[in-house]
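# Per-entry structural report
Chain by chain, the residues run as shown.
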Amino acid sequence: MKVENTVIFLHNLFGGPIAKDDHRLTPLQMCIYTTTVIGTSVAFFTLCLFDLHRMLYSRDLVLSVIDLLMLLGIATTVLAIQSSAVIKHLTKSRVSIFQCLDDIDAHLYTLNVGGEPTHNLSRNWLVAALGAIVISLAYLLAIALRINQANTLIFAFKAYGMFVIFLMDGMFLVLCYQIWQRIRCMVVHLGKMIASFKRQNKRSNNSDKGNVSLRFCRDLQTLAIVQWQCFRACNRLNDECGLSNVSIFGMFFYVLTAKSFQLFYICSIEFKRHGFTFTHLLEPTVLIIAVFLYFFTSAYLGEMVLRETQLVINNLHKFESMHTTSQHKINQSELVEQLGNQIVHQPICFNVINFFQIDLKFFHLVMASVATYLIILLQFDFQN
């Protein structure tokens with residue numbers, strides 16, 4: 001838990017939208033603190049704007065425009081991440097995502113699966129923090145040979161923005177992974193119930209069958225509560241990270257499109273004009289790899305949540321098909337039907353303010369759009 005608290009402290013230090021312990025600071029204090037962080041970022045960005053005239057057209061118009069839009073995209077994303085923290089405390093959210101996960105674990109404990117979802121939780125938080133640090137350091141190393149007196153502040157702001165953005169996205173991925181693990185616990189427990197039900201049918205002791213059937217009814221009721229808690233946790237996560245995710249995925253789309261074109265531009269047109277410059281290839285390469293990995297991981301986790309939910313429904317159908325007409329079985333059938341309807345009407349999925357759903361279909365759509373816009377850019381005659 002120390003690792004988790006450290007990561008959350010770093011996130012709150014830069015004004016992230018997720019806080020674990022709201023009781024340590026009052027909403028007014030947190031609002032003032034986050035507003036101060038936003039003011040610092042705005043002042044930092046304003047200082048960068050004073051240096052733009054020195055470097056904007058120092059080398060090439062196309063590359064300067066790409067860098068300028070990248071700087072504006074990072075500033076917008078950082079502002080969205082920090083502003084969402086203020087909005088969260090102004091709206092006074094009822095419960096945090098961490099409280100939702102604790103409630104789920106409390107009910108899973110009654111199903112004898114306590115502790116399984118939080119397995120390696122500290123390692124997940126550590127990976128999220130190290131990922132943001134490594135990407136920020138890799139970006140600094142990629143641009144180290146290009147830093148001079150004119151662009152020091154601009155590159156420093158970009159590195160700072162990269163850390164804030166990828167730390168926020170890393171925390172989002174960790175929380176998505178935790179929700180996915182809890183849904184998997186539902187699938188595993190339903191599988192155990194099916195196996196136990198098969199063994200029960202082979203027994204001849206009716207009293208034992210009655211006791212097992214009562215236990216099945218209690219487990220189904222608990223699973224219904226767990227499913228509702230997972231739905232609430234997913235909605236809480238979507239609400240808390242919605243504004244920041246809009247900016248993050250928008251910046252991801254721009255990086256994949258513009259930086260891919262920048263690689264082509266440097267390797268073709270710039271090569272003819274100024275010769276091959278290896279240092280100008282490092283920055284877009286690092287950004288493309290980092291953004292692609294984070295974007296694919298987000299889509300993969302969203303897809304796995306959808307698939308695990310479908311497995312829950314499949315196991316429910318399998319469990320219901322094994323029933324007979326006894327009174328206990330009729331009660332179980334009603335609970336199975338109730339849980340199935342609850343899953344259908346309260347689907348668990350990750351979305352961005354209901355604009356789009358995060359899954360592999362969304363990943364395919366974005367990559368197809370990136371390819372389309374990249375082809376359009378490549379058709380322009382930038383040499384003239």
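The structure displayed is predicted, hence computed values, not measured ones. Throughout this description, residue numbers start from 1 for each chain and increase along the sequence as written. It should be noted that, the model being predicted, local features are given only for residues of pLDDT at least 70 and side-chain atom pairs only at 80 or more, the latter also being counted only at that level, while totals for whole chains, interfaces and linings use all residues. Side-chain measures were taken over the full set of non-hydrogen atoms in the model, leaving aside hydrogen atoms and water.

### Observations concerning the overall build of the chain
The secondary structure content of the chain amounts to eleven helices and zero strands. Going residue by residue from the N terminus, the α and β elements of the chain occur as α-α-α-α-α-α-α-α-α-α-α. Residue exposure (1.4 Å probe, protein chains only): buried if accessible area is under 20% of the type maximum, exposed if over 50%, otherwise partly exposed. Relative to its 384 residues, the chain shows a buried fraction of 52%. By definition, residues are in contact when any of their heavy atoms lie within 4.5 Å. Sequence separation of 24 or more characterises 86% of the internal contacts of the chain that already satisfy a separation of 6 or more. Put simply, the chain shows about 18500 Å² of open surface, and 64% of that area lies on carbon and sulfur atoms. Strands are runs of DSSP state E lasting at least two residues, helices are runs of H or I lasting at least four, and both sets are numbered from the N terminus onward. Per-residue and other accessible areas follow the Shrake-Rupley method at a 1.4 Å probe size, with only the shown protein chains counted as cover for residues.

### So, a nonpolar patch on the surface
What makes a patch is a set of residues exposed beyond 30% relative accessible area and free of salt bridges, joined within 9 Å when like-charged and within 5 Å when nonpolar (Val, Leu, Ile, Met, Phe, Trp, Tyr). Salt bridge, as used here, is a side-chain nitrogen of Lys or Arg placed within 4 Å of a carboxyl oxygen of Asp or Glu. A surface patch of nonpolar side chains, amounting to about 480 Å² of accessible area, comprises Leu126, Leu130, Ile133, Val134, Leu137 and Leu140. Relative to the helices and strands, valine 134 resides in helix H6 (residues 121-142). Residue classification places valine 134 among the exposed residues on the basis of a relative accessible area of 52%.

### Some thoughts on the packing of aromatic side chains
Think of it this way: a Phe, Tyr or Trp ring, Trp meaning its six-membered ring, pairs with another when their centres are within 6.5 Å, and the plane angle makes it stacked under 30 degrees, edge-to-face over 60, tilted otherwise. According to the stated counting rule, one finds 21 aromatic pairs in the structure shown. Considering the side-chain rings of tyrosine 177 and tryptophan 180, the 5.5 Å spacing of their centres and the 75 degrees angle between planes classify their relative orientation as edge-to-face. Here tyrosine 177 pairs with tryptophan 180, and both are found in helix H7 (residues 152-201), just three residues apart, close to one helical turn. A relative accessible area of 9% places tryptophan 180 in the buried class. Measuring from centroid to centroid gives 5.3 Å for phenylalanine 295 and phenylalanine 363, while their planes differ by 35 degrees, and the two rings are tilted.

### What about the side chain of glutamine 178?
Along the polypeptide, glutamine 178 turns up in helix H7. Once residues within four sequence positions are removed from consideration, glutamine 178 is found in contact with Leu101, Pro117, Thr118, Leu121 and Asn124.

### Overview of the UniProt feature "transmembrane region" (unreviewed entry) in the chain
UniProt positions are given in the numbering used here, feature names are shortened, and annotations may be inferred rather than shown by experiment. As recorded in UniProt, the sites labelled "transmembrane region" (unreviewed entry) are residues 32-50, 62-81, 125-147, 159-180, 246-269, 281-301 and 362-380. Annotation note: span residues 62-81, helix share 100%, strand share 0%, distance between end C-alpha atoms 29 Å. Helix makes up 100% of residues 281-301 and strand 0%, whereas the separation of the span's terminal C-alpha atoms amounts to 31 Å.

### Quick notes on the environment of isoleucine 343
Inspection of the secondary structure assignment puts isoleucine 343 in helix H10 (residues 327-345). Sequence separation between isoleucine 343 and glutamine 227 is 116 residues; the distance between their C-alpha atoms is 7.3 Å. Beyond its immediate stretch of four places on either side in the chain, isoleucine 343 contacts Gln227, Thr309, Val312, Ile313 and Leu316.

### Concerning the nonpolar core
By size, the foremost hydrophobic cluster in this structure holds 100 residues, and its most contacted members are Phe166, Ile179, Leu237 and Phe252. The element that contributes the greatest number of residues to this core is H7, accounting for 28 residues. With near-sequence residues (within four places) excluded, phenylalanine 166 lies in contact with Ala132, Ile135, Phe252, Ala290, Val291 and Tyr294. Nonpolar cores are built from buried Ala, Val, Leu, Ile, Met, Phe, Trp, Tyr and Cys residues. Side-chain atoms within 4.5 Å join them into one set.

### Considering the pattern of salt bridges
Applying the stated criterion to the full structure yields seven salt bridges. A salt bridge links lysine 259 to glutamate 283; the nearest nitrogen and oxygen atoms lie 3.9 Å apart. Taken together, the residues span a long stretch of sequence, with lysine 259 in helix H8 (residues 206-274) and glutamate 283 in helix H9 (residues 279-321) at a distance of 24 residues. For lysine 259, a relative accessible area of 0% translates into the label buried. A relative accessible area of 1% places glutamate 283 in the buried class.

### Thoughts on the confidence of the model for the chain
Detail in the predicted coordinates should be disregarded across regions flagged by low pLDDT. The predicted model of the chain has a mean per-residue pLDDT of 79, with 79% of residues at 70 or higher. A residue's pLDDT is simply how confident the predictor is in it, with values from 0 to 100. Looking over the chain, one finds the lowest element-wise mean pLDDT in helix H3 (residues 52-55), namely 66, and the highest in helix H11 (residues 360-378), namely 91.

### Considerations on helix H5 (residues 97-110)
Take the number of residues in a helix, subtract one, and multiply by 1.5 Å to get its expected span. With 14 residues, H5 ought to run about 20 Å at 1.5 Å a step, and its terminal C-alpha atoms sit 21 Å apart, in line with that. A positive phi of about 65 degrees marks asparagine 112, the residue just after H5.

### A closer look at the environment of valine 62
Within the secondary structure, valine 62 is located in helix H4 (residues 61-91). Considered as a pair, valine 62 and tyrosine 265 are 203 residues apart in the sequence and their alpha carbons are 8.8 Å apart.

### Brief notes about the side chain of aspartate 67
Note on placement: aspartate 67 falls in helix H4. Accessibility expressed as a relative area gives 13% for aspartate 67, which makes it buried. Setting aside anything within four residues of it in sequence, one finds aspartate 67 in contact with Arg146, Lys158, Lys259 and Gln262.

### So, the state of the cysteines
Here, the term disulfide refers to a pair of cysteine sulfur atoms separated by no more than 2.5 Å. Overall, the coordinates contain zero disulfides when judged by the stated rule. Cysteine 234 supplies the cysteine sulfur nearest to cysteine 349, a cysteine that is in no disulfide, at a spacing of 5.9 Å. The class for cysteine 349 is buried, based on a relative accessible area of 14%.

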